[in-house]
Amino acid sequence: MNHAFAIDEQVSGYQDDHTAQPLLSDILADAVSNRLLFPSAAELLGFSRHQHKHQLQFSVQTAAGAFFIKCQELAYLPHFAAEQECLLRMMATQTMAACAPLAMGSVKRADIQPMSYLILQHIPLAVHGDWFSAGQQLAQMHHHITDKGYGFERMTWCGETPQDNRWQENWREFFINQRLQPLLTQLLDRGIRIAHSQKALQRASEILANHQPDASLLHGDLWSGNIGFNPDRHLSYPVLFDPASYYGDAETDLAMTELFGRFPKKFYDGYESINPLSANYEKRRPVYQLYHLLNHALLFGGSYIPQAEALMAKI
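Notes on the structure follow. (Residues numbered from 1 in each chain as written. Predicted model: local features only at pLDDT ≥ 70, side-chain atom pairs only at ≥ 80, totals over all residues. Heavy atoms only, no water.)

In this section: the sheet that holds strand β10 (residues 227–229). Taken in spatial order, the three strands of this open sheet run β4-β11-β10, and their pairing is mixed. Both edges of this open sheet fall to β4 (97–98) and β10, since each of them pairs with a single strand only. By the bridge criterion, three bridges tie β10 to strand β11 (residues 238–240) in an arrangement that is antiparallel. What sits directly across from Phe 229, in β11, is Pro 238. (Pairing = 2+ DSSP bridges. Helix = DSSP H or I, 4+ residues; strand = E, 2+ residues; numbered from the N terminus.)

As structure tokens, then:
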């Protein structure tokens with residue numbers, strides 16, 4: 001998601017180096033004891049702290065190398081498990097690189113609340129690189145399909161919003177009933193009524209009627225903040241992270257790349273050199289973008305509510 005916030009009080013006990021260092025030492029020791037990292041990874045040499053809503057994030061240097069560590073309250077462990085599975089699934093395609101998950105678990109300290117953690121490969125990333133290759137590699141990842149239908153083996157989260165990934169054979173039914181309608185229901189539960197919602201939902205259903213695309217492996221939340229480039233001057237390559245994966249229409253990933261400012265043209269040139277776009281993509285794009293605007297309206301409110309209403313009116 002494209003918003004960063006100060007760490008809230010749920011993790012406030014670790015906001016200074018004095019408390020963060022023993023937490024990181026415990027996390028590394030736990031991963032080593034579970035044989036998920038080399039023993040020398042337990043030797044913490046230094047770290048820098050980053051801030052994100054509800055979450056502590058650290059760039060860590062150890063005797064075994066550098067890692068990126070995410071920490072959150074214990075109840076967040078299923079989120080980390082889902083993120084790990086999504087990253088591993090994308091990596092298994094051997095197409096576009098993903099930030100490798102190395103260890104996941106939880107630690108308990110007598111003095112401060114238990115915490116869950118996810119340890120990731122640390123990759124220095126630049127904002128721009130070989131966008132043509134990024135497009136090609138995403139298209140190649142989308143060639144990895146399943147015959148189980150649309151969905152995923154487990155719940156995943158788009159930002160903090162759970163995604164209903166129960167398998168469904170019909171794409172229209174999946175996207176309307178397991179993506180759009182749940183968000184409208186949650187918004188209504190919060191007293192937020194989106195104008196034009198029922199008419200737009202009916203029109204979206206008509207647009208997706210008889211559309212049965214391949215069930216492609218998706219990133220699921222592909223905006224510019226979830227892709228970067230290794231800045232190696234000899235072999236710069238694109239890297240994906242923070243996924244919300246499931247199997248669905250490949251066009252949904254592309255639609256997301258166009259929602260909050262399009263990716264560079266070379267990206268789309270690269271993608272279409274492998275997967276030419278359907279002539280009807282233009283009709284489906286706003287339907288797929290609506291999911292993410294509704295999700296932003298649910299998570300952040302504010303200007304995303306009238307933006308969602310405007311897109312519904314357009315649909």
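Next comes the rest of the write-up.
Now for the pattern of salt bridges. For the structure on display, the rule yields twelve salt bridges. As a salt-bridge pair, Glu 83 and Lys 70 come within 2.8 Å of each other at their nearest N and O atoms. Highlighted residues: Glu 83 in helix α2 (residues 77–92) and Lys 70 in strand β3 (residues 65–73), separated in sequence by 13 residues. Assigned by exposure class, Glu 83 and Lys 70 land together as buried. A salt bridge links Glu 85 to Arg 89; the nearest nitrogen and oxygen atoms lie 2.6 Å apart. On the criterion of helical spacing, the pair formed by Glu 85 and Arg 89 is a turn pair, its members being four residues apart in helix α2. Connected via shared salt-bridge partners are Glu 85, Arg 89, Lys 148 and Glu 153. (Salt bridge = Lys/Arg side-chain N within 4 Å of Asp/Glu carboxyl O. Buried < 20%, exposed > 50% of the residue type's maximum accessible area, 1.4 Å probe, protein only.)

One way to put it is that helix α8 (residues 281–300) packs onto helix α9 (residues 304–314) with a least axis distance of 8 Å and a crossing angle of 155 degrees. The angle between the axes of α8 and α9 places the two elements in the roughly antiparallel class. Both α8 and α9 take part in a crossing whose hand is left-handed. Touching Pro 286, Gln 289, Leu 290, Leu 293, Leu 294, His 296, Ala 297 and Phe 300 of α8 are Tyr 304, Ile 305, Gln 307, Ala 308, Leu 311 and Met 312, all from α9. Taken together, the residues that form the contact of α8 with α9 break down as eleven nonpolar, three polar and no charged. (Axes fitted to C-alpha atoms, helices over the stretch in contact; angles between N-to-C directions. Parallel < 35°, antiparallel > 145°, perpendicular 65-115°, else oblique. Left-handed = near helix turned anticlockwise from the far one by under 90°. Contact = heavy atoms within 4.5 Å. Nonpolar A, V, L, I, M, F, W, Y, C, P; charged D, E, K, R; others polar.)

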